[in-house]
Amino acid sequence: MDIEKISSQLGWLPGPLTRIIEKRMKKIPAVKKMIDAENAKTMHALEHSLKPYKDKYERHAALPSAGISRDKILADIQQMHDLESNTWKDGYVSGGIYHGDNEHIEFLNKVYALQSQSNPLHSDLFPSATKFEAEIVSMVATMHGKGRTPDNAEVVGTVTSGGTESILCAMKTYRDYYREEHGITAPEMIVPVTAHAAFDKASQYFGIKQIKIKVGPDFTVDVNEVRRHVNGNTICIVGSAPSFPHGTFDNIKELSDIALKHGVGFHTDCCLGGFVVPFAEKLGYPVPVVDFRLPGVTSMSVDTHKYGYAAKGTSVVLYRSAELRHYQYYATTEWPGGLYNSPTLAGSRPGALSAACWAAMLSMGEEGYLRSVKAILETADKIREGVKAIPEIKILGNPVWIFAFASDTLNIYEVLDQMSKKRWNLNGLHKPACFHIALTLRHTQPGVAERFIQDLKDSVAYVKAHPGNKDGLAPIYGLASSLPFRGMVSDILKRYLDAVYKV
Ligand SMILES: Cc1ncc(COP(=O)(O)O)c(C=O)c1O
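Reading the values: rules and limits
- Residues numbered from 1 in each chain as written.
- Predicted model: local features only at pLDDT ≥ 70, side-chain atom pairs only at ≥ 80, totals over all residues.
- Heavy atoms only, no water.
- Helix = DSSP H or I, 4+ residues; strand = E, 2+ residues; numbered from the N terminus.
- Rg over C-alpha atoms; globule rule 2.2 N^0.38 Å.
- Contact = heavy atoms within 4.5 Å.
- Areas by Shrake-Rupley, 256 points an atom, 1.4 Å probe, with all protein chains shown as cover.
- Lys, Arg positive; Asp, Glu negative; His and termini not counted.
- Charge placed at Lys NZ, Arg CZ, Asp CG, Glu CD.
- Buried < 20%, exposed > 50% of the residue type's maximum accessible area, 1.4 Å probe, protein only.
- Pairing = 2+ DSSP bridges.
- Right-handed = clockwise from strand over helix to strand, strands pointing away.
- Salt bridge = Lys/Arg side-chain N within 4 Å of Asp/Glu carboxyl O.
- Near = heavy atom within 4 Å.
- Polar contact = N/O pair within 3.5 Å; in protein donor to acceptor, adjacent residues only side chain to side chain.
- Phe/Tyr/Trp six-rings, centres within 6.5 Å; stacked < 30°, edge-to-face > 60°.
- Lys NZ or Arg CZ within 6 Å of the ring centre and 35° of its normal.

A. Geometry of the overall build of the protein chain. Along its length, the protein chain carries 17 helices and 13 strands. Against the compact-globule benchmark of 23 Å for 503 residues, the protein chain has a radius of gyration of 24 Å, which places it among compact chains. Dimensions along the principal axes, computed over C-alpha positions, put the protein chain at roughly 60 × 60 × 55 Å. Within the protein chain, contacts between residues separated by at least 24 positions form 72% of all contacts whose residues are at least 6 apart in sequence. With the model as given, the accessible surface of the protein chain reaches about 24900 Å², and the carbon-plus-sulfur share is 56%. Charge centroids of the protein chain, computed over 57 positive and 54 negative side chains, lie 4 Å from each other.

B. Seen up close, the pairing of strand β4 (residues 234–240). Of all seven residues making up β4, seven are buried, and the element is well covered by its neighbours. Pairing geometry for strand β2 (residues 188–192) and β4, over three bridges, is parallel. Residue pairing in the sheet places E188 in a bridge with T234 of β4. Pairing analysis gives five bridges linking β4 to strand β5 (residues 265–270), with the strands arranged parallel. Bridging from a neighbouring strand, V238 pairs with H267 of β5. One crossover worth recording links β4 to the parallel β5 by way of helix α10 (residues 252–262), and it is right-handed.

C. Region of the structure containing the pattern of salt bridges. Summed over the entire model, instances satisfying the criterion amount to 26 salt bridges. For the salt bridge of E281 with R293, the shortest nitrogen-to-oxygen distance reads 2.9 Å. One end of the pair, E281, is in helix α11 (residues 277–282); the other, R293, is in the loop between α11 and β6 (299–302), with 12 residues separating them in the sequence. Assessed through its relative accessible area of 30%, E281 is described here as partly exposed. Of the charged contacts, one joins D303 and K306 as a salt bridge, the two residues approaching to 2.3 Å between their closest N and O atoms. A residue is classified by how much of its surface remains accessible, and D303, at 0% relative accessible area, is buried.

D. Just the site of the ligand, in detail. Residues in close proximity to the ligand total 13 residues, the closest being G163, T164, D269, H305 and K306. Between an oxygen atom of the ligand and a main-chain N or O atom of G163, the distance comes to 2.9 Å. Side-chain polar atom of T164 to an oxygen atom of the ligand: 2.5 Å apart, as the coordinates give it. Protein chains shield 85% of the accessible area of the ligand, which is 390 Å² for the free molecule.

E. View of the sheet that holds strand β11 (residues 402–406). Taken together, four strands build an open sheet; the order of strands is β10-β11-β13-β12 and the sheet is antiparallel. The open sheet has two edge strands, β10 (394–395) and β12 (427–429), and neither has a second partner. Bridge analysis of β10 against β11 gives two bridges, and the strand direction is antiparallel. If you follow K394 over to β11, its bridge partner there is A406.

F. Looking closely at the packing of aromatic side chains. Applying the stated criterion across every chain yields a total of 19 aromatic pairs. Aromatic side chains Y53 and Y57 sit 5.4 Å apart centroid to centroid with 85° between the ring planes, which places their arrangement in the edge-to-face category. The exposure class assigned to Y57 is buried, which follows from its relative accessible area of 11%. Ring pairs connect the aromatic residues Y92, F403, F405, W424, F435 and F452, which therefore count as one cluster. R451 extends its terminal NZ or CZ atom over the ring of Y92, reaching a point 3.8 Å from the ring centre.

Geometric descriptors of this kind do not, in isolation, establish any biological role.
As structure tokens, this is what we get:
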């Protein structure tokens, strides 16, 4: 008996029951042995792919006794950089690197080098950092309705380290606001199943109960189900614009109206869309309004380090009012270290990243973003058209520039394996089984969209001719998404992180 067989026999049981069975079964020595063997097999495969430099470069488990020359260190880093950049430079990667032109990167690097010692925590030492951050927030707020709201909302925010931190900050803010102002001590947030995992993280970190709402056949959240679940403990409702998995837009207008009606917060997760939607709208594309112009939207997350083309490590969280933002802040008056405050989760922060973000936004300007969004949306049209000629592949929902591909007739993970063999680095997703590509400026290079479609056609043809190929990751994807033992899958994910930190 193996895990796969047990899995297929238990697949019909409800989740809580399988969790109990899983716990009990793990205590049986023979089962534990089998699970350990399965884990070891998976970990071996993962470690191998995680540590390609294991034997290529000297490993440092402890400090070298004497410092290594800077030239040698730079040479090694340069070599690793060169090895790692080919795939994304040529446009084979979903998301990940959003701009990637050499000139743009070199410009950001220069800005970083000038500001590498800056720390916004020390605003007295680095007033430039506070200038950069205030202006980043204001520019992003203006893109998202500041000055154009029905209630003349002030729309304020802070710079964070990424989409996850923006979301964590917003959810903590709602928890604290509704506890202080409305006495809610058992807070609940209503979240589409397709919303980013950061909301689940916020639920775990901050003790907010998460009410997950299913999506309909169009892969947007079921608005009626959301309405049905609002109660006296609700602190906020969430919608994605668009969602990470399928690139579809939840109905932000209706969802935020529900929030407004019930006096609860509404968060638009615009981490992916924040620097696309406003410009797509200006270009005349039929994109929905998802920002503060809707009276019910009380916060947004907008990632500058994605389609804003900043270096990795910045995002913006916005609030409708300064009053709400106060609940994000941390301040202490009693610490022997002195009076202390900080706006986000971190204490010290890399001012250089804010400088590079500010510089990226200024150098792009509206014109630059309009140009890049136009190029991405035109590439999206090519992909959409190209896929129409592959009857075995369907696009889930009605996405704009992030496409999830599924199939009714083929094992989509086997198609993904074939794409990987052709150098594509795409994201395998589940529930339902599919894989996706988030189009970026890298894919707007000549010939990339055509290459994608041709490779997809060839991959489909291969899988049709050779179904059931066990070579690639398809069996692992399949098992990981169908295994009823979710504790075991979660365990493997944590072991993966252990492997990351192995020297
Ligand atoms: C819709 C959405 N929200 C939030 C996030 C989290 O962003 P980050 O990875 O910057 O923390 C992502 C990341 O891809 C995303 O796509």
